[in-house]
Amino acid sequence: MDSILVTGGGELSGQIPIAGAKNACLTLMPATLLSDEPLTLTNAPRLSDIKTMTELLQSLGAEVTSLQDGKVLAMSSHTISNHTADYDIVRKMRASILVLGPMLARDGHAVVSLPGGCAIGARPVDLHLKALEALGAELELKDGYVHAKAPGGLKGGIVDFPLVSVGATENVLMAATLAKGTTVINNAAREPEIVDLADCLRKMGAQIDGDGTSTITVQGVDRLHGATHPVVTDRIELGTYMLAPAICGGEVELLGGRLDLVAAFCEKLDAAGISVEETDKGLKVARRNGRITAVDVVTEPFPGFPTDLQAQMMALLCTANGTSVLEEKIFENRFMHAPELIRMGAQIEVHGGTATVTGVDQLKGAPVMATDLRASVSLILAGLAAEGETVVSRVYHLDRGYEHVVGKLSAVGAKIERIKGQ
Ligand code: UD1
């Protein structure tokens, strides 16, 4: 298995291009199942999760062709020839559940394995299922699979989410586009990826209002048609690389970066002593001077501070002047990077959903193990700031969500290389 070797020290300078959003692409791809006409996505990221979704869609009978070195995905679901999403594929990635709503909406039946994905808490799919039931779906759980039927088709309904779920909002939003009548989704997620999905669905002929707010209204239509859509910028990749000069010093421009995607995160960077400036190509980030200041962080649904940047932010705060408190409100068990950062000399105490980080002068390189996607990149960031060498193993987590991480960081002067496994 491959690992990543990072040698700490040295300021960074230059430019990093930001890819299309993994999480947007993973919900835009299943939208192809809603129409018998082609859907083409541009600005797609080159990631193993995208390959997994490709494999899943192909197993259902969709044609998915990767063009321009993977940046363009040409998809076509003339018919859905198989309505079962098999455990062997679904277990690799939780977002696989997103094929359920579209298949059910288009053909009135689907069987989908219960998902796997990052080991960051229980992560059930009950909200997805209840939302589809509100649209008239009949569901049965058998042998680890959800068997869903909608004889006579889905019907518009009222969906009241008890808590905000990105995936459940996406699933029911896609399903509602082909349901008969009007669907109102209350307490909907407001993430930019939801707005991106709604934009794409509108291009396909869907009638959607209110995306980006907590109430989305969908007027069902008889059929959707083909479209071409660019995937929105990856705000998590953006935030991750904004932290690289913040941790190491120097100045880096993130090409394609947009402030509106990372506003809450930028407020915390500002409080920590990191300057963020809009340029005509993206965002420029620099450490103002000296040691960064401790800040408290609470993760929340968008527009709050994203849980997907919590691990990386913790890496930054490990060397801050003072004590920071990070509260994780979205997922339980999402501090698995803390013990690894402690191996690098960080001072962190975790109690339930709260981590207290007391900054140290200097982190020290160590062999560490990635436990999930965002945890792995937080260890790389910490390694950039540490004295000596850090080897991050279990790099397959990283490959799920960061394209060319070694190339992108080396281009701004980081000492980082991939070591091929035996
Ligand atoms: C998506 C993102 C993930 C991000 C998360 C929160 C994708 C592919 N993944 O995941 O990177 O960390 O949003 O921003 O877009 N929950 C339930 N029942 C459900 C669904 C969710 O209890 O049926 C809970 C979850 O356990 C969690 C919370 O709701 O505590 C939010 O999860 P959700 O927004 O659904 O996350 P995902 O869509 O899986």
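Residues numbered from 1 in each chain as written. Predicted model: local features only at pLDDT ≥ 70, side-chain atom pairs only at ≥ 80, totals over all residues. Heavy atoms only, no water.

Counting residues in hydrophobic clusters, the biggest one holds 77 residues, and the most contacted among them are V99, L173 and L201. The dominant element in this core, judged by the number of residues it contributes, is helix α6 (residues 166–177), at 6 residues. In this structure L173 touches I185, I194, L197, A198, L201, I208, I216 and V218, once residues within four positions along its chain are discounted. Judged by nonpolar contacts, the second largest core, of 70 residues, contains V6, I247, F305 and A315. (Core = buried A, V, L, I, M, F, W, Y, C linked by side-chain atoms within 4.5 Å. Buried < 20%, exposed > 50% of the residue type's maximum accessible area, 1.4 Å probe, protein only. Helix = DSSP H or I, 4+ residues; strand = E, 2+ residues; numbered from the N terminus. Contact = heavy atoms within 4.5 Å.)

Taken as a whole and judged by the stated rule, the model has 2 aromatic pairs. Seen from their ring centres, Y241 and Y402 are 6.4 Å apart, and the 80° between their planes marks the pair as edge-to-face. Of this pair, Y241 sits in helix α8 (residues 235–248) while Y402 sits in the loop between α13 (396–401) and α14 (405–410), and the two are 161 residues apart along the sequence. We classify Y402 as buried; its relative accessible area is 3%. Ring centres of F265 and F305 lie 5.8 Å apart, and the angle between their planes is 55°; on these two criteria the pair is classed as tilted. Residue F265 is located in helix α9 (residues 263–272), and its partner F305 is located in the loop between β18 (297–298) and α10 (310–317); the two are separated by 40 residues in the primary sequence. Each of the two residues, F265 as well as F305, counts as buried. (Phe/Tyr/Trp six-rings, centres within 6.5 Å; stacked < 30°, edge-to-face > 60°.)

Ordered in space as β6-β7-β9-β8, the 4 strands form an open sheet in which the pairing is mixed. Bordering the open sheet on either side are β6 (84–85) and β8 (138–142), each of which pairs with just one other strand. With 2 bridges connecting them, β6 and strand β7 (residues 109–113) associate as parallel partners. Note that in β7 the partner of T84 across the bridge is V111. (Pairing = 2+ DSSP bridges.)

This part is about the domain arrangement of the protein. Entries for the protein in the domain assignment read domain 1 (3–19 + 233–419) and domain 2 (22–230). Computed over C-alpha atoms, the centres of domain 1 and domain 2 are 31 Å apart. Of the residues lining the interface, 22 residues belong to domain 1; the matching set on domain 2 comes to 22 residues. Between domain 1 and domain 2 the total buried area reaches about 1,900 Å² when both faces are included, carbon and sulfur atoms providing 51% of it. (Domains from an automatic or database assignment. Buried area = accessible area lost by both parts, 1.4 Å probe.)

This brings us to the site of the ligand. Around the ligand sit 19 residues, and of these D126, L127, S165, D308 and I330 come closest. Between S165 and the ligand, the recorded distance is 2.6 Å, taken from a side-chain N or O atom to an oxygen atom. Ranked by residue count, the leading element in the shell around the ligand is helix α5 (residues 126–134), at 3 residues. Class assignment of the residues belonging to the shell around the ligand gives a composition of 9 nonpolar, 5 polar and 5 charged. (Near = heavy atom within 4 Å. Polar contact = N/O pair within 3.5 Å; in protein donor to acceptor, adjacent residues only side chain to side chain. Nonpolar A, V, L, I, M, F, W, Y, C, P; charged D, E, K, R; others polar.)

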